[in-house]
Amino acid sequence: MTAEVMKDMNYVNVFVRNQKEPVYCYRSGLTVYEERFLDGALVPGGWNAAGYPLNVLSNYPSFIDLNAYAEPSAFHVELDGENMDFFLELKNYEEVESENGSREVILTLMSTIKPVEIKVHTLVDGTPMFTRWLEVTNLSDKDMALSRLSVLSGALDQMKNVRFYDADARPEDIYEIGYFRNDRQLAEGDFGWKPLDFERTVISGRFHRARYRYPAFFLKNNLTGMIWFGQMAWSSGYEFLFDYNGNHESNSVSLSFEMSLAGYHPLRLIAAGETYVSPKVHLGAIFGTLDDAVNATYDHIRRSVFDLPEANGDECLVGIGYGAHHDMSVESTKGFADQLGSLGGETFIIDAGWYRPPGDELAEWHKTGDWHYDKERYPNGIDEVIDYVHSIGLKFGLWMEPERLWAGCKICEEHPEWFKKRPFGETPLGFVDFTNPEAAAWVEAEIIRVVEEYRLDVLRIDYNIGNGEQYHYAIPGERYEYGTVKHFEAVSAMYERLKKRFPNVIFENCASGGGRLDLDILRSFHHSWVSDEQRAPMAQYITNGLTLVLPPERVDRLVSGMNCHEYASLDAHIRNAMLGHISLNAVNPLGAEDNDQQREVIRHALDIYKSFIRPMLPTSRMFHHNEDIPGARKDGYSALELASADKTKAAITVFTVPGSKAERVNIIPRGLDLSHTYRVTLDNTGETMTVTGRELLMNGVTTRIMGVMTSELILIEAVEE
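Residues numbered from 1 in each chain as written. Predicted model: local features only at pLDDT ≥ 70, side-chain atom pairs only at ≥ 80, totals over all residues. Heavy atoms only, no water.

## Let's talk about the pairing of strand 36 (residues 701–704)
A one-sided burial pattern is seen for strand 36, the buried positions being Val701 and Thr703 and the unburied ones Thr702 and Arg704. Here strand 33 (residues 664–667) runs beside strand 36; their pairing, made up of 4 bridges, is antiparallel. Across the sheet, Asn666 pairs through a bridge with Thr702, a residue of strand 36. (Buried < 20%, exposed > 50% of the residue type's maximum accessible area, 1.4 Å probe, protein only. Helix = DSSP H or I, 4+ residues; strand = E, 2+ residues; numbered from the N terminus. Pairing = 2+ DSSP bridges.)

## Remarks on the pattern of salt bridges
Inspection of every chain in the model, using the stated rule, returns 48 salt bridges. Residue Arg497 is joined to Glu444 by a salt bridge in which the shortest nitrogen-to-oxygen separation is 2.7 Å. In this pair, Arg497 sits in helix 9 (residues 484–501) while Glu444 sits in helix 7 (residues 437–453), placing the two residues 53 residues apart along the sequence. Here Glu452 ties to Arg501 by a salt bridge, and the two come within 3.5 Å at their closest N and O atoms. Residue Glu452 is located in helix 7, and its partner Arg501 is located in helix 9; the two are separated by 49 residues in the primary sequence. A relative accessible area of 44% means that Glu452 is categorised as partly exposed. Since its relative accessible area comes to 48%, Arg501 is described here as partly exposed. A network of salt bridges, in which partner residues are shared, links Asp80, Glu82, Lys114, Asp143 and Arg479. (Salt bridge = Lys/Arg side-chain N within 4 Å of Asp/Glu carboxyl O.)

## Observations concerning helix 9
With 18 residues, helix 9 ought to run about 26 Å at 1.5 Å a step, and its terminal C-alpha atoms sit 26 Å apart, in line with that. For helix 9, the full list of buried residues reads Thr484, Val485, His487, Phe488, Val491, Ser492, Met494, Tyr495, Leu498 and Lys499. (Expected span 1.5 Å × (residues − 1).)

## Re the sheet that holds strand 31 (residues 637–643)
Read from one edge to the other, the open sheet built from 6 strands follows the order 30-31-32-37-34-35, with strand pairing classed as antiparallel. Only two strands of the sheet have a single neighbouring strand rather than two, namely strand 30 (621–624) and strand 35 (687–692). Averaged over all pairs of adjacent strands, the angle between their axes in this sheet comes to 20°, without regard to strand direction. Note that strand 34 (residues 677–682) and strand 37 (residues 711–719) share 6 bridges and pair antiparallel. What sits directly across from Thr681, in strand 37, is Leu715. Taken strand by strand, helix 11 (residues 538–546) contacts strand 30, strand 31 and strand 32 (649–656), and its axis lies near 40° from that of strand 31. With respect to the sheet, helix 12 (residues 570–578) is in contact with strand 32 and strand 37, its orientation differing from that of strand 37 by roughly 45°. (Axes fitted to C-alpha atoms, helices over the stretch in contact; angles between N-to-C directions. Contact = heavy atoms within 4.5 Å.)

## Side note on the sheet that holds strand 3 (residues 31–38)
Taken in spatial order, the 4 strands line up as 1-2-3-4 in an open sheet, and their pairing is antiparallel. At either end of the open sheet lies a strand with only one pairing partner, and these are strand 1 (12–17) and strand 4 (41–48). Across the sheet, the axes of successive neighbouring strands diverge by a mean angle of 15°, strand direction being ignored. One ladder, built from 7 bridges, connects strand 3 with strand 4; its direction is antiparallel. Paired with Val32 across the two strands is Asn48, which belongs to strand 4.

## Observations regarding unusual backbone geometry
Of all residues except glycine, most have a negative phi; of all peptide bonds, most are trans. With an omega of 0°, the peptide bond between His265 and Pro266 qualifies as cis. In this structure, Pro266 sits in the loop between strand 18 (253–261) and strand 19 (268–270). The residue after Ala536, namely Pro537, is reached through a cis peptide bond having omega 0°. Positive phi is not limited to glycine here, since Lys647 has a value of about 65°. With respect to the helices, strands and loops of the structure, Lys647 is situated in the loop between strand 31 and strand 32.

## Focus on the environment of Asp327
Inspection of the secondary structure assignment puts Asp327 in the loop between strand 22 (319–322) and helix 4 (330–343). Placed 31 residues apart in sequence, Asp327 and Pro358 show a C-alpha to C-alpha distance of 7.5 Å. Filtering out sequence-adjacent residues up to four positions away, Asp327 remains in contact with Tyr322, Ser332, Glu361 and Arg377. Looking at Asp327, its side chain comes within polar contact range of the side chain of Ser332, at 2.6 Å. (Polar contact = N/O pair within 3.5 Å; in protein donor to acceptor, adjacent residues only side chain to side chain.)

## Some thoughts on the confidence of the model for the chain
Considering every residue of the chain, the mean pLDDT works out to 94; 97% of them sit at 70 or more. Note on residues 1–7: pLDDT under 50 across the span, and 12 contacts to partners over four residues away in sequence or across chains. (pLDDT = per-residue confidence, 0-100.)

## Quick word on the side chain of Asn55
With respect to the element layout, Asn55 can be found in the loop between strand 4 and strand 5 (76–79). Take Asn55: its relative accessible area is 13%, and that puts it in the buried class. Contact partners of Asn55, with chain neighbours within four places excluded, come to Phe15, Arg17, Glu34 and Pro61.

## What to know about the environment of Leu255
By the element assignment, Leu255 lies in strand 18. Given a relative accessible area of 0%, Leu255 falls into the buried group. Sequence separation between Leu255 and Asp157 is 98 residues, and the spatial gap between their C-alpha atoms is 5.1 Å. Not counting chain neighbours up to four residues away, the residues in contact with Leu255 comprise Tyr69, Ala155, Leu156, Asp157, Tyr175, Leu196, Leu219, Phe242, Asp243 and Tyr244.

## Quick look at the nonpolar core
For soluble globular proteins, nonpolar side chains are generally found buried alongside one another. In terms of nonpolar packing, the biggest core is built from 115 residues, with Phe218, Trp354 and Ile613 touching the most fellow members. Ranked by residues supplied to this core, first place goes to helix 7 with 8 residues. Val77, Leu134, Tyr175 and Tyr179 belong to the second-largest nonpolar core, a separate cluster that totals 69 residues. (Core = buried A, V, L, I, M, F, W, Y, C linked by side-chain atoms within 4.5 Å.)

## Quick look at the packing of helix 4 against helix 5 (residues 383–391)
Geometrically, a packed helix pair is captured by the angle between its two axes and the distance between the axes. At a closest axis distance of 10 Å, the pairing of helix 4 and helix 5 adopts a crossing angle of 15°. Comparing the axis directions of helix 4 and helix 5 gives the class roughly parallel. The crossing of helix 4 and helix 5 is right-handed. Touching Val330, Thr333, Lys334, Ala337 and Asp338 of helix 4 are Glu384, Val385, Tyr388 and Val389, all from helix 5. Class assignment of the residues belonging to the contact of helix 4 with helix 5 gives a composition of 5 nonpolar, 1 polar and 3 charged. (Parallel < 35°, antiparallel > 145°, perpendicular 65-115°, else oblique. Left-handed = near helix turned anticlockwise from the far one by under 90°. Nonpolar A, V, L, I, M, F, W, Y, C, P; charged D, E, K, R; others polar.)

So, in structure tokens, the structure goes:
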């Protein structure tokens, strides 16, 4: 059964067997996940991706054998150094159905060793992916230190007879983990696979590693064909742990996992009477390909994560930006607005520097935090620029980095207590401590003032903070706590409040590129600047990688600017951005004669984007013809396919990579219907042909490649026979 049929059905059910040992069977589409309340603990029962409950044979259930696991619990909570996974009492079961047909189950558990209540929330929405989060309530009269939190954990898979599937099967070849291999800036989309070792494999980010690794994974069983795919909606430290228990001779193997918070301990103090709500995690399973898992992820995210109406990102207006790489005078601002608007831009953002005096454009962080326009730069007031941008039909926006302030700004001098020190005496570079209510309130008020005072249609939020600033501070009191968890709770809540306050303002997320990408923060933003690397071929790899985990309409990519003009053809630059949210920067310095040929290439591409690609983006399917960088280098090209949900349209971008020997590339589309007839257009030459869907799906489309670091755009549209 196809992913589209499964999506249309949206089957949702929670089947509860209230026996001596209750079983909770979460059924969503054809994906089944079960948990058992067994001897005072909530433990996984197992998975099935063919729609079967695990006790389909009533007297012979196919539960996972928990004896193979050291830590079988479905979550891990430690308070004051004590494990809350066991000695629990089941207090209540509640099921709530939402208007869109999703169901949320709330399972209330009470500890018998500490006055603690744990509510386990599970949301199923008809897609192969579900959402899990915890509420931990401290019922005592003293605070409790949360020292460990795995939101979802326990037994994931178990194979009791490996050689039943393949007599020559080697246990070391069964599982592969797909993840973002590089945690550094400018390599955000470097996705790849590696075999799971017979060890505890940990993938981490934002604490033990840098902050540019997107918090997601894919895990496939090469014998059964099952793929699990998960994400953590959390902007701070996280860990995914996979414990593969077996050896080279094993005929039985077991695999457990954890999706956990990472940071200094205690992660958080939970005050007397307080309820702590954990970050959400999202996990799914499916039989099929990586494409199937990716599109199931899109369905889930669009349905159950990006569900804040005020942050609907479907409009995908073409953004244009202008900043400190230019002189930023009033005349230049108007000139670049004219240039980029005439190319087809729809929103105009002035980047960092609008608050600095002339000649100070490249003093990167000078005056960051003094969020008032510079009167020397705008002698007639910034309204002159705002009114001009609006007069030529563009929306107006400004850049801010409200969570970090220049060390010399006025507010830093007035409130040094808003900025915590590292353990070794250094003061972080203006990192505002959101656990201080006064500091957090000031930041929020400044954002509100800037949006209202400067009549913003677009707000670009940047975040240029390293891990050191995030973690090296503690909140003094009767007991110390490292405030990172509370800090990011406050940041997330602030942006959700702001988005609801300004429903008509486009919020754009940026964090030194992809330094803060996760489903929690992105929920309050229309789209996200996923990387500052715009140069081919890495730019294409980043787009390819990050659309594995984020729907393309939320992925912002740039044409021109940030040195992307240094490598590859103009076509390659713009086509890298065309299958997502597209942004432009200057294509000529002011005063230079316009290159009409260059302008025509850009205008032509934007016409295709607006008329052909953009309408299908919000419900699109995406197919990755090269899953990772090694695959693209081996093939000599990378190809990305965007298809409409009804299979009547598709756009395919093809890029040759450095050193490619390919003279032609054959692409077999994956998002079409063999019963249709299609018109196929090769954009490089404008040549068209009419082809049956059957022929396309059997033989594909062959493109003529002109050389290394070039591209082709293939447009496919169903026609009436």
